[in-house]
Amino acid sequence: MSETSGWPRRIASGAATLFTATTLAGAAATAFGMISARQFGVRYETLPLLPAGQEPYRILHVGDMHLVAGDRKKIAFVRRLAELQPDLVVNTGDNPGGVNAVDDVVEALSPLLNTPGVFVPGSNDFYGPRPANPLRYLRAPSDFHGAPEALQPINVGAMFEAFTKAGKWHRIGNKSMTLTARDDLIINFAGTHDAHMQADAWPGFDHADPAAQLNIAVTHAPYRRVLDAAVADGADLVFAGHTHGGQVALPRYGAIVTNCDLPTGLASSVFRWRSHGAAGLVNVTAGIGTSPKVPLRTFCPPEAVVMDLVARG
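These figures come from a predicted structure and were not determined experimentally.

Rules of the game
- Residues numbered from 1 in each chain as written.
- Predicted model: local features only at pLDDT ≥ 70, side-chain atom pairs only at ≥ 80, totals over all residues.
- Heavy atoms only, no water.
- Helix = DSSP H or I, 4+ residues; strand = E, 2+ residues; numbered from the N terminus.
- Buried < 20%, exposed > 50% of the residue type's maximum accessible area, 1.4 Å probe, protein only.
- Contact = heavy atoms within 4.5 Å.
- Areas by Shrake-Rupley, 256 points an atom, 1.4 Å probe, with all protein chains shown as cover.
- 1 Å grid on protein atoms, 1.4 Å probe; cavity = no way out; pocket = protein on both sides within 12 Å on 5 of 7 lines; lining within 4 Å.
- Points joined across faces, edges and corners; volume = space filled by probe spheres on them.
- Nonpolar A, V, L, I, M, F, W, Y, C, P; charged D, E, K, R; others polar.
- Pairing = 2+ DSSP bridges.
- Axes fitted to C-alpha atoms, helices over the stretch in contact; angles between N-to-C directions.
- Parallel < 35°, antiparallel > 145°, perpendicular 65-115°, else oblique.
- Left-handed = near helix turned anticlockwise from the far one by under 90°.
- Right-handed = clockwise from strand over helix to strand, strands pointing away.
- Core = buried A, V, L, I, M, F, W, Y, C linked by side-chain atoms within 4.5 Å.
- Polar contact = N/O pair within 3.5 Å; in protein donor to acceptor, adjacent residues only side chain to side chain.
- Phe/Tyr/Trp six-rings, centres within 6.5 Å; stacked < 30°, edge-to-face > 60°.
- Lys NZ or Arg CZ within 6 Å of the ring centre and 35° of its normal.

Undergrad: Any chance you could explain the overall build of the protein chain here in plain terms?
TA: When you go through the protein chain residue by residue, the secondary structure sums to six helices and 14 strands. Taken over 313 residues, the protein chain has a buried fraction of 49%. In the protein chain, of all internal contacts separated by at least 6 residues, the share reaching a separation of at least 24 is 74%. Here the protein chain displays about 14,600 Å² of accessible surface, and carbon together with sulfur accounts for 56% of that area.

Undergrad: Could you clarify how one ought to interpret the layout of surface pockets in this entry?
TA: If you roll a probe as big as a water molecule over the atoms, it shows you where there is empty space left. As a volume, the second largest pocket reaches approximately 190 Å³. For the second largest pocket, the lining is made up of 14 residues, of which Arg-38, Asp-71, Lys-74, Thr-290 and Pro-295 are closest to its centre. For the lining of the second largest pocket, the per-class residue count stands at seven nonpolar, four polar and three charged.

Undergrad: What am I meant to see in the sheet that holds strand S9 (residues 237-240) here?
TA: Backbone-to-backbone hydrogen bonds join strands into a sheet, with any given pair of strands oriented parallel or antiparallel. Taking strand neighbours across the sheet as the criterion, the six strands line up as S6-S7-S8-S9-S13-S12 in an open arrangement whose pairing is mixed. Each edge of the sheet is formed by a strand with only one pairing partner; in this case those strands are strand S6 (175-182) and strand S12 (269-275). Each strand of the sheet is rotated relative to its neighbour by a mean of 25 degrees, with strand direction disregarded. Pairing of S9 with strand S13 (residues 278-284), which is carried by four bridges, proceeds in the parallel orientation. In the strand pairing of S13, Ala-240 is matched with Val-284.

Undergrad: Would you mind going over the packing of helix H3 (residues 102-109) against helix H5 (residues 156-164) with me for this structure?
TA: For any two helices packed against each other, one specifies the crossing angle of their axes together with the interaxial distance. Orientation of H3 relative to H5, taken along the N-to-C sense of each, is 15 degrees, at an axis distance of 10 Å. By the angle class used here, H3 and H5 are roughly parallel. Crossing handedness for the pair H3 and H5: right-handed. Contact residues: H3 offers Val-102, Val-105, Val-106 and Leu-109, while H5 offers Met-159, Ala-162 and Phe-163.

Undergrad: Even after reading the chapter, I still don't get the pairing of strand S8 (residues 214-218), so can you show me in this structure?
TA: On a regular strand, each side chain points to the face opposite its neighbour's, so the side chains alternate between the two faces of the sheet. The buried count for S8 comes to five of five residues, which makes it a mostly enclosed element. Residues of S8 alternate between two faces, with Leu-214, Ile-216 and Val-218 on one and Asn-215 and Ala-217 on the opposite face, all of them buried. Relative to S8, strand S7 (residues 185-191) runs parallel, the two sharing five bridges. In the sheet register, Gly-191 faces S8, and the bridge partner there is Val-218. As judged from the three bridges shared by S8 and S9, these two strands associate in the parallel manner. The residue bridging Ile-216 from the neighbouring strand is Leu-237, located in S9. In terms of handedness, the path from S8 via helix H6 (residues 224-232) over to S9 forms a crossover that is right-handed.

Undergrad: Got a minute to help me understand the nonpolar core in this structure?
TA: Core analysis: the largest hydrophobic core is formed by 27 residues, its most contacted members being Leu-109 and Phe-163. Every residue in contact with Leu-109, bar those within four places of it in the chain, is listed here: Met-65, Val-78, Asn-91, Asn-95, Phe-163 and Trp-169.

Undergrad: Is there a simple way to think about the sheet that holds strand S4 (residues 117-119) in this case?
TA: Pairing is mixed in the open sheet, where six strands are placed in the order S1-S14-S2-S3-S4-S5. What marks the edges here is a single partner per strand, and that holds for strand S1 (41-50) and strand S5 (169-171). Taking the axes of each pair of neighbouring strands and ignoring which way they run, one obtains an average angle of 20 degrees across the sheet. The pairing of S4 with S5 spans three bridges and is parallel. Of the residues in S5, the one forming a bridge with Phe-119 is Arg-171.

Undergrad: It is not clear to me how the side chain of Thr-290 should be interpreted in this structure. Could you clarify?
TA: Within the secondary structure layout, Thr-290 lies in the loop between S13 and strand S14 (303-311). A residue is classified by how much of its surface remains accessible, and Thr-290, at 9% relative accessible area, is buried. Excluding residues within four positions of it along the chain, Thr-290 makes contact with Ala-37, His-66, His-244, Gln-247, Pro-295, Leu-296 and Arg-297.

Undergrad: Hey, could you run me through the packing of helix H2 (residues 72-80) against H3 in this one?
TA: One can describe the packing of H2 onto H3 by two numbers: an axis separation of 7 Å at closest approach and a directional angle of 35 degrees. Along its contact with H2, which presents Arg-72, Ile-75, Val-78 and Arg-79, the element H3 presents Asp-104, Glu-107, Ala-108 and Leu-109.

Undergrad: What's the story with the side chain of Thr-285 in this structure? I'm lost.
TA: Positionally, Thr-285 belongs in the loop between S13 and S14. In this structure Thr-285 comes out as buried when scored by relative accessible area, which is 0%. Within the structure, Thr-285 has its side chain in polar contact with the backbone nitrogen of Gly-287 (distance 3.0 Å). Not counting residues within four places of it along the chain, the set of residues in contact with Thr-285 comprises Arg-43, His-61, Thr-92, Ala-240, Gly-241, Thr-243, Ser-268, Glu-303 and Val-305.

Undergrad: For this particular structure, what's the right way to read the packing of aromatic side chains?
TA: Centre distance and the angle of the planes are the two values used to describe a pair of aromatic rings. Inspection of every chain in the model, using the stated rule, returns nine aromatic pairs. Note on Phe-119 and Trp-169: the rings are 6.1 Å apart at their centroids and 40 degrees apart in plane angle, and the pair reads as tilted. Taken as a pair, Phe-119 in strand S4 and Trp-169 in strand S5 lie far apart in primary sequence, 50 residues in all. Overall, the relative accessible area of 1% leaves Phe-119 in the buried class. A relative accessible area of 2% places Trp-169 in the buried class. Measuring from centroid to centroid gives 5.6 Å for Trp-202 and Phe-205, while their planes differ by 85 degrees, and the two rings are edge-to-face. Accessibility expressed as a relative area gives 23% for Trp-202, which makes it partly exposed. Judged by relative accessible area, Phe-205 falls into the buried class, the value being 11%. Here the aromatic cluster, defined as three or more aromatic residues joined through ring pairs, consists of Phe-119, Phe-160, Phe-163 and Trp-169. The residue whose ring lies beneath Arg-225 is Tyr-223, and the NZ or CZ to ring-centre distance is 5.0 Å.

What follows is the structure, encoded as structure tokens:
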């Protein structure tokens with residue numbers, strides 16, 4: 001009788017222990033993810049893309065800030081990026097983390113707005129985040145169906161006007177342009193609106209200068225169709241963001257998802273992309289921020305990227 005009556009107690013005790021251990025592990029993982037999301041850093045890359053004899057050209061790639069109003073630590077980090085003395089800034093969108101963060105975004109980027117730059121928008125430049133089950137993000141790419149009433153519009157006009165006020169930054173969503181970077185360097189640019197919103201229309205290098213030494217493409221979300229079109233059209237280098245490096249990655253495995261159709265192994269890196277017999281380099285940044293509703297990162301710390309272009313050979 002005593003042995004039989006002991007079973008329920010042991011089962012309950014084991015379940016309680018398992019529940020406690022699982023709860024503690026979950027709390028520890030959440031704490032680790034929240035700490036990791038605040039460990040801002042810079043990734044450095046060097047690419048031999050310039051003609052022989054040319055001096056290096058430094059590009060600063062900033063994307064996916066998802067800046068929440070009042071986040072002084074992130075604002076300070078972004079402002080300090082000007083100390084890296086870039087020759088060009090590339091911004092791949094998703095700057096604010098809420099409808100009330102436009103002024104904070106402008107404050108963060110203001111030291112860089114007098115440096116030549118190009119930018120394209122992401123969906124979070126237009127609309128504030130909406131509540132979502134974070135587990136859905138791990139199953140498949142999120143859906144974006146227009147602008148339902150549940151989404152709050154951001155004052156994107158004021159934000160982009162501030163970006164371009166100094167006359168140095170240029171918006172190239174579904175547009176192309178040519179920039180004379182210096183006497184010995186001309187760069188053709190082409191960009192798209194956010195492919196995750198189905199708003200992309202690859203413009204080609206329509207206004208390309210045949211004397212240019214580089215063709216650079218810029219997009220927010222690195223969907224295969226955009227990379228294919230850019231590389232097939234002659235892009236030497238493509239800049240993109242959106243993936244957050246997977247945001248939730250595993251040790252030795254890497255990203256679980258990319259929130260688009262890009263392979264997970266390419267979630268944040270420089271890699272060669274081939275299309276229709278052509279090839280070009282792509283840089284996908286893991287971004288500086290996270291989804292404001294899920295402010296966690298594991299094994300993919302937030303980053304800005306410094307891309308030093310140097311002479312071939």
